[in-house]
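Tertiary structure, described
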Amino acid sequence: MKSIPITLEEAEAYSLTKRVLAPFEHTDLRPLYPGHEHLYDPKLQVLEFDDCLVSREGFIQLANGKMISDIGYQKDLPRAQENLDRATRNPENVARVDTPVILVGGHNNYYHWHLNWMPRIVLADRFEDLRDVPLLVHAQPSGYVLDSLAEVTGRGSENLKTLTGPVMRLDKVFVPTMFLNPLHAPFALRSYQKQRRQISIEGGRRLYISRARAPLRRVLNEPEVEKLLGEYGFETILAEDLSYSQQTGIFSQASHVIGAHGAGLTNILFCNPGLAVIELLNEYYTRVYWSLSQAMGSRQYRQIKSSNIRLPEGETDPIQIMKNSDFFVDLEALRREVEIILRA
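Procedures and definitions
- Residues numbered from 1 in each chain as written.
- Predicted model: local features only at pLDDT ≥ 70, side-chain atom pairs only at ≥ 80, totals over all residues.
- Heavy atoms only, no water.
- Pairing = 2+ DSSP bridges.
- Helix = DSSP H or I, 4+ residues; strand = E, 2+ residues; numbered from the N terminus.
- Right-handed = clockwise from strand over helix to strand, strands pointing away.
- Axes fitted to C-alpha atoms, helices over the stretch in contact; angles between N-to-C directions.
- Parallel < 35°, antiparallel > 145°, perpendicular 65-115°, else oblique.
- Left-handed = near helix turned anticlockwise from the far one by under 90°.
- Contact = heavy atoms within 4.5 Å.
- Nonpolar A, V, L, I, M, F, W, Y, C, P; charged D, E, K, R; others polar.
- 1 Å grid on protein atoms, 1.4 Å probe; cavity = no way out; pocket = protein on both sides within 12 Å on 5 of 7 lines; lining within 4 Å.
- Points joined across faces, edges and corners; volume = space filled by probe spheres on them.
- Core = buried A, V, L, I, M, F, W, Y, C linked by side-chain atoms within 4.5 Å.
- Buried < 20%, exposed > 50% of the residue type's maximum accessible area, 1.4 Å probe, protein only.

Side-chain direction in a regular strand flips from residue to residue, so the side chains alternate between the two faces of the sheet. Sheet topology places strand S11 (residues 205-209) next to strand S12 (residues 234-237); four bridges connect them, and they run parallel. Opposite Arg-206, over in S12, you have Phe-234 as the bridge partner. Since S11 and S12 lie parallel, the crossover through helix H6 (residues 222-230) that links them has a hand, and here it is right-handed.

See the structure below:
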C-alpha cells in the first residue's frame with residue numbers, strides 16, 4: 001500500500017509534542033519588497049514522532065502510513081516514496097536508530113545547505129531541551145558542512161548521525177520546519193547574524209569571485225575581466241582556497257561583490273546592508289541571488305547576461321545545457337555596470 005502524503009502542518013495532529021516559536025518571532029517582509037513573494041517565515045516549529053521511517057532524501061513516514069511530503073525536495077519525492085513503501089513491505093532489512101535524533105537531512109551543496117538545511121538546526125536549538133539531541137544529516141557531509149555547523153551552531157561532528165541506506169527506522173525523531181527553496185525566510189537569514197562583522201560599507205572591500213576551478217559556468221575571458229576589475233580596486237578570491245571562517249570574515253567586510261552565478265554568491269549571507277552586487281550569467285536566469293541580495297538589504301543588484309557561451313560536453317538535457325554553459329563576459333557592459341554601482 002502506498003504511503004499517503006501530508007504536510008508538516010497536517011502532521012501536527014499525529015505528533016507527540018509540538019514546539020513553536022512565538023508569533024512575534026515570525027517575520028513577513030513581503031510588504032516591503034514588491035514582487036518578492038517568498039520573503040516570509042513559514043510556521044517555525046519542531047514536531048516529535050515515535051516509530052517512523054525516514055528516507056535518504058529526508059522524508060518521514062509515520063507509523064500510521066502517512067508521509068510528511070514537504071520536508072524535502074519535491075523532485076526526490078517519487079524515489080523516496082518508492083523506497084519507503086519497499087521498507088514497509090520488508091521491515092527486516094531496515095537499519096534502526098534507537099536514540100532520539102533531530103532530522104536535518106541535506107546534501108553537499110553550499111547554497112542549499114545554508115538556506116534550506118542549517119536553519120532547521122538553528123530552529124531546533126532555540127529549544128533548550130533539544131540542544132544536546134544528535135542531528136541526523138546526509139551521508140558523507142563535506143568539510144564546509146562540518147565547519148559551518150561548528151561556527152554557526154557550536155555543534156561538533158561527534159553530535160552527528162548520518163542517513164545511510166535508502167531507509168532507516170527511527171525510534172524517536174524531532175522534525176523542524178523545512179526552509180524550501182526559493183523561500184528566503186527571514187529566520188533563515190538571521191541564522192547567520194553573528195557571522196556578520198558590523199562594519200561601515202563605505203571603504204569596504206571590492207570582491208570578484210572566481211569560478212576558475214569550477215566544472216561549469218566558468219568565465220572564459222576571466223583574465224580580461226580581472227584586469228578590468230583591478231582598475232576599480234577589485235580583488236579576486238577563490239572561495240575554495242579559504243577556510244569557512246575566512247570566507248565569512250572577508251564577505252562581512254565587502255561593499256561590492258561581483259561573480260558568476262554559483263555557490264560563491266551564497267556568501268552574500270555574511271554581508272552587511274548597503275552591499276552592491278553584479279551577477280554574471282549565461283543564458284539561464286534565476287532570481288535566487290536577486291532575492292537573496294534584496295533580502296540582505298543590498299542597495300544595488302545588477303546583472304550581465306551573456307549569449308556568447310560554450311556548451312558543456314556530453315550534456316543532452318537542454319535545461320542543464322542552458323544552466324551550466326561557460327560564457328564570455330561583455331567587457332563594455334561590465335565596465336558600464338561597475339561604474340553604475342560605484343556611483344550609487
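Before going further, it helps to spend a moment on the packing of helix H3 (residues 110-125) against helix H4 (residues 143-153). Interaxial distance between H3 and H4 falls to 11 Å at its minimum, and their mutual angle equals 40°. One way to sum up the angle between H3 and H4 is to call them oblique. Both H3 and H4 take part in a crossing whose hand is right-handed. The residues of H4 that touch H3, namely those facing Tyr-110, Trp-113, His-114, Met-118, Ile-121, Val-122 and Asp-125, are Tyr-144, Val-145, Ser-148, Leu-149, Val-152 and Thr-153. Taken together, the residues of the contact of H3 with H4 break down into nine nonpolar, three polar and one charged.

Quantified by volume, the largest pocket comes out at close to 980 Å³. Forming the boundary of the largest pocket are 37 residues, of which Asn-109, Arg-217, Gly-262, Ala-263 and Tyr-289 lie nearest the centre. Its residues assigned to classes, the lining of the largest pocket shows 16 nonpolar, 15 polar and six charged. For the second largest pocket, the calculated volume is near 360 Å³.

Here we take up the nonpolar core. In terms of nonpolar packing, the biggest core is built from 85 residues, with Phe-49, Ile-60, Ile-71, Val-173 and Val-257 touching the most fellow members. With ten residues, the single largest contributor to this core is H3. Those residues within four positions of Ile-71 in sequence are excluded, and the remaining contacts are Leu-8, Gly-58, Phe-59, Ile-60, Leu-103, Trp-117, Arg-120, Val-175 and Met-178. With 19 residues, the next largest nonpolar core counts Leu-229, Phe-234, Ile-304 and Phe-327 among its residues.

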